[in-house]
Amino acid sequence: MSDSPKTFPKLRSRAWFDNPDNIDMTSLYLERYLNFGLSLDELRSGKPIIGIAQTGSDLSPCNRHHIVLAERMREGIREMGGIALEFPVHPIQETGKRPTAGLDRNLAYLGLVEAMYGYPLDGVILTTGCDKTTPALLMAAATVNIPAIALSVGPMLNGWFKGERTGSGTIVWKGRELLAAGKIDDEGFIKLVASSAPSTGYCNTMGTASTMNSLAEALGMMLPGSAAIPAPYRDRQEVAYLTGKRIVDMVAEDLKPSDIMTLDAFHNAIVVNSAIGGSTNAPIHLSAIARHMGVDLPLKDWETVGHKVPLLVNLQPAGEYLGEDYYRAGGVPAVVSQLIDQGLIRTSAMTVNGKTMGENCKGVEIEDEKVIRPFDQPLVTDAGFLVLSGNLFDAAVMKTSVISVEFRDRYLSNPDDPEAFEGPAVVFDGPEDYHHRIDDPATGITANSLMFMRGAGPIGYPGAAEVVNMRPPAYLITEGVSALPCIGDGRQSGTSGSPSILNASPEAAAMGGLALLETGDRVRMDLKAGTVNVLISDEELAERRAKLEAAGGFQYPASQTPWQEIQRSVVGQLNTGAILEGAEKYQRIAQT
Ligand code: FES
Ligand code: MG
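Per an unreviewed UniProt entry, the recorded name for the protein is Dihydroxy-acid dehydratase, and the organism is Sphingobium cupriresistens LL01. You can read under Sequence similarities (unreviewed entry) in the UniProt record for the protein the words "Belongs to the IlvD/Edd family."

Here you go:
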């Protein structure tokens, strides 16, 4: 990184601040941006204007530390000869937003595209963090395609309870089982959960936030080694400053998202996702970013490129440790280095620091092999996702790194063994139905049941709810049955260790096969063949479809807000990123 004075290519902000052909408008733009203390000289000096897309707010506590970090970003920008303009991004809070935070990803994307396109910005820092904030910002950067660099806010410090690590999100699933089994009371449950969140930052588990920030770095959109730095660490402040400095250079070099987020970069991200035990939300978000970037990334690539990759990172929910441990063990570069040695990384992929993935990560050592395993001592082999299909859906994803050893040996690992899991379906129409009926013996769930959640996709439960991982009824948990196969058209929290089959597309609300399923139908799940099928004839399925269509189709709750209605009318399915269909035709729209 050089600190010498720069020459910049023709900057798009000149069209606002220095346009002799339209002096009327230029005067208007200039006088108003002087409002908070910038001078005419500065605005007309040819300095690049750098946006700080601010996702932190009181409504978004996971990202709130970005408000502090922005000071250091500004100093870096200023030092390299840029001018910083910070602006708010529509808040997305994973755990606080009703009905789902998934509903807000595309809304934040839309707002950010307008801000980046319609204002005098030459480059932008994307302040990423909580689950949907990272994809929303990368999607917008892909569409607009001005120089952009992501800055993670970083995970919280490790949570602790009675001498054991408690990971955010993951502890909730465990706590619910303890509560259902009568081992803790309500107060104990809340204390246990609160212990997992000891500081500012995002979830300290390898949930969707840690996953998406690791993948932003693996895509090349974040400074190497920066994704995993915990939010309160001093290194986090330092990298905010370095990110501010670097974006100004990127504008000088005209290094844009389209130079970085290539097919190679997406394949690197898929490989890294397997090695870190990343979230099942990652395929949705990477598909969305790729479509806005104009990169063809079929869902099947997750299996063909990612399935054979082992799990190396020992973080909850697939493993034991948490965010601070991940950072101290070396973070993304240490993981990528192991994968480079096996030829699994496209090393020539360009990154935001102007160097390739290979130059950044080759030879980076693991600092703690309990937390990041060397390639030849993995936690789980073949740890990537499976992409399944059948007569209930065209595509669904299964995270294999969290399958129990018994289940894996029995149904997945032995290619000569024809055994498949078969049992009666129990169908729930949305999470409310599940909560009402799960512990009622009349629901008829046994240790052989397969539990189905439908009406939870992007249209049915607007944004797609994280509800497919369902605990068994309390009466089975007390008998020692802690998990049953779960299948559904919704999503699942990245902090869940459940090997559910989820993101099933098309969803029931779009009249996918799940809409036709009835409780009591026998379903066969053959992981080796990659299929899930209901064992009834095509004729019977066609009859059920005709009947349901005549009755007005699959029913789901009415929209409660204008955005719910708008998004439902244009959103695509989870297997293709659940983007606003049609928006992908606007590509690389920034002009100078
Ligand atoms: Fe925001 Fe987990 S709830 S990162
Ligand atoms: Mg989540």
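Additional details are given in the paragraphs that follow.
A. Summary view of the overall build of the protein. Counting secondary structure elements, the protein contains 22 helices and 14 strands. Taking 592 residues into account, the globule formula puts the C-alpha radius of gyration at 25 Å, and the protein, at 24 Å, falls close to it. Overall size of the protein, expressed as C-alpha extent along the three principal axes, is 75 × 55 × 50 Å. Sorting the 592 residues of the protein into buried and exposed places 55% on the buried side. Sequence-distant contacts, at least 24 apart, represent 78% of the contacts inside the protein between residues at least 6 apart.

B. Main features of unusual backbone geometry. In this structure, Pro99 follows Arg98 across a cis peptide bond, with omega equal to -10 degrees. Mapped onto the fold, Pro99 is located in the loop between β2 (83–88) and α5 (102–118). Looking along the chain, the bond that leaves Ser505 and enters Pro506 is cis, with omega of -5 degrees. Following the sequence through the fold, Pro506 ends up in the loop between β12 (501–505) and β13 (522–526). Here Asn145, not a glycine, exhibits a phi torsion of approximately 65 degrees, which is positive. Asn145 sits in the buried class, given 22 other C-beta atoms within 10 Å. A positive phi is found at Ala578, a non-glycine position, where the angle reads about 50 degrees. Tracing the backbone through its elements, the reader meets Ala578 in the segment after α22 (562–570). Given 27 C-beta atoms within a 10 Å radius, Ala578 is considered buried.

C. Here's a closer look at the UniProt feature "domain: Dihydroxy-acid/6-phosphogluconate dehydratase N-terminal" (unreviewed entry) in the protein. Following the UniProt record, one finds the feature "domain: Dihydroxy-acid/6-phosphogluconate dehydratase N-terminal" (unreviewed entry) at residues 47–360. Helix makes up 48% of residues 47–360 and strand 9%, with an end-to-end C-alpha separation of 29 Å.

D. Inspection of the pairing of strand β3 (residues 123–128) at higher detail. Counting buried positions along β3 gives 6 out of 6 residues, so the element sits mostly inside the fold. As judged from the 4 bridges shared by strand β1 (residues 49–54) and β3, these two strands associate in the parallel manner. If you follow Ile52 over to β3, its bridge partner there is Ile125. For β3 and strand β4 (residues 148–152), the ladder comprises 5 bridges, and the chain directions are parallel.

E. View of the pairing of strand β8 (residues 395–399). Of all 5 residues in β8, 5 are buried; the element is thus mostly enclosed. Side chains Ala395, Val397 and Lys399 project from β8 onto one buried face, and the interleaved Ala396 and Met398 project onto a second face that is buried too. Taken together, the 4 bridges between strand β7 (residues 385–388) and β8 define a ladder with antiparallel strand orientation. Along β8, the bridge assignment pairs Phe385 with Lys399.

F. Inspection of the environment of Arg410 at higher detail. Within the fold, Arg410 resides in helix α18 (residues 405–413). For Arg410, a count of 16 C-beta atoms within 10 Å puts it in the partly exposed group. Separated by 11 residues in sequence, Arg410 and Phe421 have C-alpha atoms that sit 9.2 Å apart.

G. Main features of the sheet that holds β4. Pairing within the open sheet is parallel, and its 4 strands lie in the order β2-β1-β3-β4. Unpaired on one side and paired on the other, β2 and β4 mark the two borders of the sheet. Sheet twist, expressed as the average angle between the axes of neighbouring strands with direction ignored, equals 25 degrees. With 6 bridges connecting them, β1 and β2 associate as parallel partners. Each bridged residue has a counterpart across the sheet, and for Ala53 the counterpart in β2 is Phe87. Contacting β1, β3 and β4, helix α6 (residues 133–144) runs over the sheet at an angle of about 165 degrees to β3.

H. View of helix α13 (residues 282–293). Compared with an ideal rise of 1.5 Å per residue, which puts 12 residues at 16 Å, α13 spans 16 Å between its outermost C-alpha atoms and is within 8% of the ideal. α13 sits mainly inside the fold: 12 of its 12 residues count as buried. Considered for burial, the residues of α13 that qualify are Ala282, Pro283, Ile284, His285, Leu286, Ser287, Ala288, Ile289, Ala290, Arg291, His292 and Met293. Directly beyond the C-terminal end of α13, a positive phi value near 80 degrees is found at Gly294.

I. Expanded view of the nonpolar core. Counting residues in each nonpolar core, the largest one holds 167 residues, and the members touching the most others are Leu126 and Val335. Setting aside chain neighbours within four positions, we find Val335 in contact with Val272, Ala275, Ile276, Leu312, Val313 and Ile372. With 5 residues, the next largest nonpolar core counts Trp16, Tyr29, Tyr33 and Leu43 among its residues.

The rules we used
Residues numbered from 1 in each chain as written. Chains lettered and ligands numbered in written order. Predicted model: local features only at pLDDT ≥ 70, side-chain atom pairs only at ≥ 80, totals over all residues. UniProt positions renumbered as here; feature names shortened; annotations may be inferred. Helix = DSSP H or I, 4+ residues; strand = E, 2+ residues; numbered from the N terminus. Rg over C-alpha atoms; globule rule 2.2 N^0.38 Å. Buried ≥ 20, exposed ≤ 12 C-beta atoms within 10 Å, placed from the backbone. Contact = placed C-beta atoms within 7 Å. Pairing = 2+ DSSP bridges. Axes fitted to C-alpha atoms, helices over the stretch in contact; angles between N-to-C directions. Expected span 1.5 Å × (residues − 1). Core = buried A, V, L, I, M, F, W, Y, C linked by C-beta atoms within 7 Å.

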